[in-house]
Structures are given as structure tokens and as C-alpha cells.
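Take a look at the letters that make up each chain.
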Amino acid sequence: MKKIITAALMLLLALPALAQQSNVNLSYNPQKDTEGLIPFSANLNSPQVNDDHTVVFRLRAPKAESVALSGAMTTVMGVRGPIPFTKGEDGIWTLTIGPLPVDMYQYNIIVDGVSMADPNNTYAAFTAMPPYSELIVHGDGPQWWDAKEDVPHGSVTRHIYYSPVTQGEREIYVYTPPQYNPKKKYPVLYLMGGSGELPSNWMYDGRVNFIMDNLLAEGKAVPMIIAIVNNQVVHRNHPQHAELTFDVMEREYREAVIPFIDSHYKTIANPHGRAISGLSMGGRHTMFVGLNSLDLFANFGVLSAGDNTAEETLKDFLNDPKANDKVDYLFVGQGGAEEAGFFNMRVKGFRDALENHGIEYEYLCYGKTGHDWSTWRHLLYYGFLPKLFQR
């Protein structure tokens, strides 16, 4: 009996160290090999993240002729194109990369020209495009995008509502801060994804709820409601998507989204109590819907987006002599690899237009990251959220 009790105590003491894709806790190091077990339903351990920040990928594909890695980590590695695996005599393909900076990276494995999620990785994202896998390179402890034990956590609620604009049932995720008081009025950030994102991606990839929890605990942001909006309102492959999406999205905000949030939560229901932000396509929605709707919004976050014809597309906003009085905060940001590449063309066009018309804004270029979630998480934490609703 004593041996049984001792074994049980040892097991209980070991539980906090569970990782290697156990999916038991919200671990900061879920892909570290701590138990010598493979992920459930997998046949190999992949990816395996080591404490020196190197990463081992494995795939059993004995009949494949080529296997390669494609993902956000190649940007920070300075590698152009997919990275090939090496095939062993046992039919297992392997690849070791790194060391990588501590971060989260989205990736796919390309097998004989077909891009797919890693079949051995339980951390995957479902989006408005084919799924991909998540690589989590851990540091010495939880990061500012992780759930932390000593930090109060807010709540995320998934609402289903009917939209008269799209004529169907839609979803919206709403974050309320820790110690949320339903009798108190809060400002609201309306947050959007890009061409391939769904609202849930801002939690699973963007970690916006944990980022906000940690900023609040650090005293670096004001409590706010975050309404994460589905900005897929026209089929992304529709030949007239660019011509249709902005008008439809503006109607969705005016006729469905804002009325729903204002009726379900205590909000500061005026432009100074509202912000609109998004990444990539969501950044363009922020520009063409938000900046042209100053009766609705006074705060804006344009992430990895812009327009090289902004002088024409935003002429009403740019030529409004009271624009700076109406705007509380305008943030523009992108990653260092974006600024050095073709993505910067639109961002620079937008920034040039703002400067030509004396519009006040703040700009942040972060690190060496590209057009991916590493950039957008960092822009929120280090740039946009700490300055929002501070005026």
C-alpha cells in the first residue's frame, strides 16, 4: 500500500510538467519531449522542440518522393522557399532546423507537391482556407501571449446572430476583461482577421485574450471589450470581391454588428468609445470602412495593410479639415520582412497619403517577421493595445 501511495504522489507531482502535446494544460512548452510519448493518434513525435530552440520534424511517408517544410519560420531564418526533409531507410523523413527565436509559427508540410497540415501535430488551426499546423518554440517560462498562473483571465463568449446583410446566421466572439462589471460602460475594440481568417483565429493564433489579460495585469492597457468580427462577407474567390466587400462590411457593422454589441453589453456607444482594427484584408476594412465612418469610430489599427491609391480611395477622409480632431488614435504597423519586401508598397502608399495631408498617426515596424501571426501578435502587444483608449 505504501508503494502505491508513493507512486500516486509521484504521479501527481509530475502532472505540472506534462507537455509533448498532451493537451492537458495550456502549457507554454507543449511540444517539448518530456514524457517519451507520441501525440495521441500520431505515429511519430513531430514537431519536437528542444530547449536550445532547435526543432525536429518527422513524417512517415515511405512511398513519397519529396517532403519539404513551408511556413513562417523560414522568414526569420532568411530562407526563401520550402526546406527539404531527408528520407531515412525506414521510410521516415526528418528535418532539424534552428535555433529559432521564441515564438509561435504556422507551417505546412509539402508531400510530393501537396501542402498539408502536419499529421503528427495536434496543434492545428482551422480557417477560411485549408488548415495548417502550429509550431510553438518555448522559452524559459510563459510568454506575454501565454496563459499565466498568477494573471486574472477574462472571458470569451461565442455569440450567434442573424445578419440581415448576409441573410444568414453568423458568429462573433466577445472578450470581456477580468472583473468585468456588467453595470459599467466599456469601450469596444472591433477586431478582424485577414483573407483566410475566422474570428476564432484571433484566440488560437493571435492569443488576443491572453495578450489582453497580461497587458491589464502589467498595468499597460485600459479594460475594454474586444468584439472579434467575421469579416468574410463575400466569397473570397468571388471575381468582384474587392469591389463588393467594403460596402457589405460597412452595412454589416451599421446594421448588425454594432447594434448587437451595444444591445448585449454596456458600451461607450459613441466614436470615442469604439475602435476598429484588422490584419491584412481586415486592415483594409479598417481603412475603407472605418476611416470613412468617423460617425462610428475614432480609433484605428491598420496591421500589415495599406493602399497605394489612398489619395483617391480615402480622399474624403484625407481632405477633411477636422480629421485630426475626429481621430483619437491611428496606428499603422507591419513586420520588418514586410517593410523590406513587396508588402510595403501598400503600407507606404497609405503612410505617404497620411503625411501629405498632415494626418497624425503612429507607426511601428517590428523585428524580422513577415506577413504572419508573429507580426500581428507583436503589433498588438508592443504597439496598438497599450495606446488604445488612452486619450
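Residues numbered from 1 in each chain as written. Predicted model: local features only at pLDDT ≥ 70, side-chain atom pairs only at ≥ 80, totals over all residues. Heavy atoms only, no water.

Draft legend 1. View of the overall build of the chain. A tally of helices and strands in the chain yields twelve helices and 18 strands. Relative to a compact globule of 391 residues, whose C-alpha radius of gyration would be 21 Å, the chain shows 23 Å and is just as compact. Each of the three principal axes of the chain carries a C-alpha extent, and together these read 75 × 55 × 40 Å. Burial status across the chain gives 54% buried among its 391 residues. Once local pairs closer than 6 in sequence are excluded, the contacts in the chain between residues at least 24 apart make up 71%. Just so you have it, the chain exposes about 18,000 Å², and 54% of that area is on carbon and sulfur atoms. Of the charged side chains in the chain, 32 are positive and 42 negative; the average position of the first set lies 4 Å away from that of the second. (Helix = DSSP H or I, 4+ residues; strand = E, 2+ residues; numbered from the N terminus. Rg over C-alpha atoms; globule rule 2.2 N^0.38 Å. Buried < 20%, exposed > 50% of the residue type's maximum accessible area, 1.4 Å probe, protein only. Contact = heavy atoms within 4.5 Å. Areas by Shrake-Rupley, 256 points an atom, 1.4 Å probe, with all protein chains shown as cover. Lys, Arg positive; Asp, Glu negative; His and termini not counted. Charge placed at Lys NZ, Arg CZ, Asp CG, Glu CD.)

Draft legend 2. Representation of the nonpolar core in the model. Counting residues in hydrophobic clusters, the biggest one holds 45 residues, and the most contacted among them are Tyr190, Tyr253, Ile261, Phe317 and Phe350. A total of eight residues in this core trace back to one element, the largest contributor, which is helix α5 (residues 241–264). When neighbours within four sequence positions are excluded, Phe317 is seen to be in contact with Leu291, Asn292, Leu294, Ala323, Val327, Leu354 and Ile359. In terms of nonpolar packing, the next biggest core, distinct from the first, is built from 36 residues, Met212, Leu216, Ala221 and Leu279 among them. (Core = buried A, V, L, I, M, F, W, Y, C linked by side-chain atoms within 4.5 Å.)

Draft legend 3. Spatial organisation of the sheet that holds strand β15 (residues 274–279). An order of β11-β12-β14-β13-β15-β16-β17-β18 is seen for the eight strands of this open sheet, with the pairing classed as mixed. Looking at which strands have only one partner, the edges of the open sheet turn out to be β11 (155–163) and β18 (362–366). Here the strands of the sheet are splayed against their neighbours by 20 degrees on average, with no regard to which way each runs. Pairing geometry for strand β13 (residues 188–192) and β15, over five bridges, is parallel. Looking at the pairing, Leu189 lines up with Ala275 of β15. Helix α4 (residues 208–217) contacts β11, β12 (168–176), β13 and β14 (225–229) of the sheet and is inclined by roughly 25 degrees relative to β12. Lying over the sheet, helix α6 (residues 281–290) contacts β13, β15 and β16 (299–303), oriented at roughly 140 degrees with respect to β15. (Pairing = 2+ DSSP bridges. Axes fitted to C-alpha atoms, helices over the stretch in contact; angles between N-to-C directions.)

Draft legend 4. Quick peek at helix α11 (residues 344–356). End to end, α11 covers 18 Å across 13 residues, agreeing with the expected 18 Å (1.5 Å per residue, within 8%). Of the positions making up α11, those classed as buried are Asn344, Val347, Gly349, Phe350, Arg351, Ala353 and Leu354. Just downstream of α11 lies Gly358, where phi reads positive at about 70 degrees. (Expected span 1.5 Å × (residues − 1).)

Draft legend 5. Structural detail: the sheet that holds strand β5 (residues 86–87). The four strands are arranged β1-β2-β6-β5 in an open sheet whose pairing can be described as antiparallel. Whereas interior strands pair on both sides, the edge strands pair on one side only; in this sheet they are β1 (48–49) and β5.

Draft legend 6. How the structure looks around the pattern of salt bridges. Under the criterion given, the structure shown has 15 salt bridges. Between Arg377 and Asp103 there is a salt bridge, with its nearest N and O atoms 2.8 Å apart. Taken as a pair, Arg377 in helix α12 (residues 373–387) and Asp103 in strand β7 (residues 103–111) lie far apart in primary sequence, 274 residues in all. When its relative accessible area of 0% is taken as the criterion, Arg377 is described as buried. By relative accessible area, which is 5% here, Asp103 ends up buried. The shortest N-O distance in the salt bridge between Glu255 and Arg251 comes to 2.8 Å. (Salt bridge = Lys/Arg side-chain N within 4 Å of Asp/Glu carboxyl O.)

Draft legend 7. Seen up close, the confidence of the model for the chain. Averaged over all residues, the pLDDT of the chain equals 93, while 95% of them reach at least 70. Contacts from residues 2–16, a stretch scored under 50 in pLDDT, to residues over four places away or in other chains number two contacts. (pLDDT = per-residue confidence, 0-100.)

Draft legend 8. Local environment of the packing of aromatic side chains. Summed over the entire model, instances satisfying the criterion amount to 21 aromatic pairs. Geometrically, the ring pair formed by Trp202 and Trp373 is edge-to-face, given 4.9 Å between the ring centres and 90 degrees between the ring planes. Within this pair, whereas Trp202 is found in helix α3 (residues 201–204), its partner Trp373 is found in helix α12, the two being separated by 171 residues in sequence. A single burial state applies to Trp202 and to Trp373, both of which are buried. Taking the centre distance of 4.9 Å and the plane angle of 85 degrees together, the rings of Tyr381 and Tyr382 count as edge-to-face. Residue classification places Tyr381 among the buried residues on the basis of a relative accessible area of 8%. Among the aromatic residues, those joined into a cluster by ring pairs are Trp144, Trp145, Tyr366, Tyr381 and Tyr382. Positioned over the ring face of Tyr363 is Arg351, at 3.6 Å from the centre of the ring. If you follow Arg377 out to its NZ or CZ, it ends over the ring of Trp145, 5.9 Å from the centre. (Phe/Tyr/Trp six-rings, centres within 6.5 Å; stacked < 30°, edge-to-face > 60°. Lys NZ or Arg CZ within 6 Å of the ring centre and 35° of its normal.)

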